[in-house]
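This is what each chain is made of:
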Amino acid sequence: MPPVDDSARDALIAGVPDVADALADLDESTRGRRLVLARPGWTWLVAAMARRADRALLVVVPEDTEARDRAADLEAVLGRNAVGLWPSRGTVAHGAVGASPHLVGLRARAAAMLGEPGRVVVAGVPALDERIPPPESWGDPLQIAVGARMEPEELVDRLVALGYERTNQVEERGDLAVRGGIVDVYPSTARNPVRVEFFGDEVESVRAFSPFTQRTIRPLERALAWPAREPEGDDLRDPLDLPGVARCVVVRGAPAEFPAAARAARERFEDEAAAGLLSDADALIDRLDAAAALDLVPPGGQGGAAFDAIEPRFAVRGQSEAEAEMGRLARNGHRVVVMFERRGDMERALMRMERIQPAAVAPGELPQPGTVAFTTLGAKSGLLSPSLHLALI
């Protein structure tokens, strides 16, 4: 995957002296580097690393919930194809209540992305403690593209082999329904189900649709169906033994919290432990110690961070107070960027502004110091850094 062009934001962060030293010549053979940085800065630092170095990254954080949130923000910044989340299974793989198809698909996708240049896989310690079948036993994801030659029955058989279950109506990930020459399927990693219409033995159309109204949302050129069920068998491996891990730059966030996270996970996953589905927690921590290229360490209260990083939270009521807060930050010399998930929301907000006149900038670009800009970027977490004179809201 080719690297994404540098942005002004990436250049600003990567140009901080401590950051530049930590990232210099960083590759999969690097070991033992350390950077003091508060959590609100991690997403933006990792994004800059991924784009500038074009390396495969494995980012490990203490808990599953933090991994999920970190992956969502990185996906907003880098794009969905560049980021994979490795969640924990949280249950015995083939027990009475198996892992959800969504978690299975995300795990399969993340395992396939490991070691790919420019890709970032984010995992919590509990997920890396769970042993998994070897990647070659999962089967390749199934691509369903307009114009592809196959019979509806062939598509159904291949989806069933990946763990999809036939139902009367598709409502949840992992569901599959057939009506004549129409196959509905909810891919395990997709946001919406897709409807595949055939004309004879050719895929005539692929459309995303709402599982609630069953109405079309938009046409697609193709859809990708990752597995919805883990392969059965006794051949299980520790995730850190997967071949792709050796090609990754391993970044740990708050490694001092890993032992407690691993202990708590073993208490939660006692059924998995009893079934032999967990690796040795102490060995996992030791292996992560040995593999880590860069540790991101939260400040201990005595300063020394590469740059200050605060989650921006403002107690404002209404537009007037919000404009006043943005104006205050700009007067203090900050580059102020307000992020909107949708362009329409951004454009409506631009038209409503009365006391300030923000510019619209491309994602990743920055306005001049002392000015305010709006951009389309769906990150849920922001960054306020007085030392960088930067506010991402």
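Predicted model only: the values in this text are computed from it and were never measured.

Lay out the sheet that holds strand β11 (residues 216-220) with the relevant residues and their values.
Strand order in the open sheet formed by six strands is β6-β7-β8-β9-β10-β11, and the pairing between neighbours is mixed. Because the sheet does not close on itself, it has two edges, and the strands there are β6 (165-166) and β11. Strand direction decides the pairing type here: β6 and strand β7 (residues 175-179), joined by two bridges, are parallel. Its bridge partner lying in β7, Arg 166 is registered against Leu 176. Across the sheet, helix α7 (residues 152-161) is in contact with β6, β7, β8 (182-185) and β9 (194-199); its angle to β8 comes to roughly 20°.

Mind laying out the sheet that holds strand β13 (residues 248-253), listing which residues take part and the relevant values?
Taken together, the six strands give an open sheet; going across it, the order is β1-β14-β13-β2-β4-β3, and neighbouring strands pair in parallel fashion. The open sheet is flanked by β1 (33-36) and β3 (83-86), the only strands paired with a single partner. For this sheet the average axis-to-axis angle between neighbouring strands, irrespective of direction, equals 20°. As paired strands, strand β2 (residues 56-61) and β13 are joined by five bridges and run parallel to one another.

Which residues make up α7, and what are the values?
An α-helical turn contains 3.6 residues, so a residue and the one three or four places further along point in the same direction. Of all the positions in α7, only Pro 152, Leu 155, Val 156 and Leu 159 are classed as buried. For α7, the angular spread of buried residues about the axis comes to 100°, placing them on one side. What points out from α7, more than 90 degrees from its buried face, is the exposed set Glu 153, Asp 157 and Ala 161. Those residues of α7 that are buried are in contact with β5 (142-145), β6, β7, β8, β9 and β12 (222-225). The positive-phi residue at the C-terminal boundary of α7 is Gly 163, with phi of around 105°.

With reference to specific residues and values, describe the packing of aromatic side chains.
Counted under the stated rule, the structure contains one aromatic pair. Both rings, one in Phe 340 and one in Phe 374, keep their centres 5.1 Å apart while their planes meet at 55°; by these two values the pair is tilted. Taken together, the residues Phe 340 in strand β15 (residues 335-340) and Phe 374 in strand β17 (residues 372-376) connect sequence positions 34 residues apart. With relative accessibility at 16%, the residue Phe 340 sits in the buried group. The aromatic ring of Phe 209 is capped on one face by Arg 195, whose charged end is 4.1 Å from the ring centroid.

Residue-level account of the packing of helix α8 (residues 258-268) against helix α10 (residues 281-291), with values.
The N-to-C vectors of α8 and α10 enclose an angle of 150°; their axes lie 10 Å apart at closest approach. Our classification of the angle between α8 and α10 gives roughly antiparallel. Handedness of the α8/α10 crossing: right-handed. Residue-level contacts link Phe 258, Pro 259, Ala 262 and Arg 266 of α8 to Ala 281, Ile 285 and Leu 288 of α10.

If you had to explain the packing of helix α3 (residues 42-53) against helix α4 (residues 64-78) to someone new, which residues and values would you point to?
Taken N-terminus to C-terminus, the directions of α3 and α4 make an angle of 50°; their axes are 10 Å apart at the nearest point. Taken together, the axes of α3 and α4 are oblique relative to one another. Pair α3 / α4 crosses with right-handed handedness. Between α3 and α4, the residues in contact are Trp 42, Thr 43, Trp 44, Val 46, Ala 47, Ala 50 and Arg 51 and Glu 66, Arg 70, Asp 73, Leu 74, Val 77 and Leu 78, respectively. Looking at the contact of α3 with α4 residue by residue, the classes come out as eight nonpolar, one polar and four charged.

I'd like a rundown of the layout of surface pockets, residues and numbers included.
Over the atoms rolls a probe the size of a water molecule, and in doing so it shows where empty space is left. Roughly 560 Å³ of internal volume is contained in the largest pocket. Taken together, 18 residues form the lining of the largest pocket, with Arg 80, Ala 190, Arg 222, Ala 223 and Leu 224 sitting closest to its centre. Listed by contribution, the elements that provide at least two residues to the lining of the largest pocket are α5 (101-113), β11 and β12. Counting residues per element, the lining of the largest pocket draws most heavily on β12, at three residues. Among the residues making up the lining of the largest pocket, the classes are represented as nine nonpolar, three polar and six charged.

Would you mind going over the pattern of salt bridges in detail, with residue names and values included?
In this structure the tally under the stated criterion is 25 salt bridges. A salt bridge links Arg 68 to Asp 69, with the shortest nitrogen-to-oxygen separation between them at 3.2 Å. Residue classification places Asp 69 among the partly exposed residues on the basis of a relative accessible area of 41%. Several salt bridges converge on common partners, so that one network encompasses Arg 39, Glu 66, Arg 70 and Glu 257.

Tell me what's going on with the nonpolar core, and back it up with residues and numbers.
Of all hydrophobic cores here, the largest spans 48 residues; its most connected members are Trp 44, Leu 45, Val 120 and Phe 307. Residue contributions to this core peak at seven residues, all from α3. Contacts of Leu 45, omitting those with residues within four sequence positions, involve Ile 13, Val 19, Leu 23, Leu 35, Leu 37 and Leu 296. Ranked by size, the runner-up nonpolar core spans 26 residues in total, among them Met 113, Ala 261, Leu 284 and Ile 285.

Before we move on, can you summarise the pairing of β3 with the specific residues and values?
The alternating pattern of β3 places Val 83 and Leu 85 and Gly 84 and Trp 86 on opposite faces, both of which are buried. Direction of pairing for β3 relative to strand β4 (residues 120-124): parallel, over a ladder of four bridges. Bridge pairing links Trp 86 to Ala 123 in β4.

Here is what the cut-offs are and how they apply
Residues numbered from 1 in each chain as written. Predicted model: local features only at pLDDT ≥ 70, side-chain atom pairs only at ≥ 80, totals over all residues. Heavy atoms only, no water. Pairing = 2+ DSSP bridges. Helix = DSSP H or I, 4+ residues; strand = E, 2+ residues; numbered from the N terminus. Contact = heavy atoms within 4.5 Å. Axes fitted to C-alpha atoms, helices over the stretch in contact; angles between N-to-C directions. Buried < 20%, exposed > 50% of the residue type's maximum accessible area, 1.4 Å probe, protein only. Arc of directions from axis to C-beta. Phe/Tyr/Trp six-rings, centres within 6.5 Å; stacked < 30°, edge-to-face > 60°. Lys NZ or Arg CZ within 6 Å of the ring centre and 35° of its normal. Parallel < 35°, antiparallel > 145°, perpendicular 65-115°, else oblique. Left-handed = near helix turned anticlockwise from the far one by under 90°. Nonpolar A, V, L, I, M, F, W, Y, C, P; charged D, E, K, R; others polar. 1 Å grid on protein atoms, 1.4 Å probe; cavity = no way out; pocket = protein on both sides within 12 Å on 5 of 7 lines; lining within 4 Å. Points joined across faces, edges and corners; volume = space filled by probe spheres on them. Salt bridge = Lys/Arg side-chain N within 4 Å of Asp/Glu carboxyl O. Core = buried A, V, L, I, M, F, W, Y, C linked by side-chain atoms within 4.5 Å.

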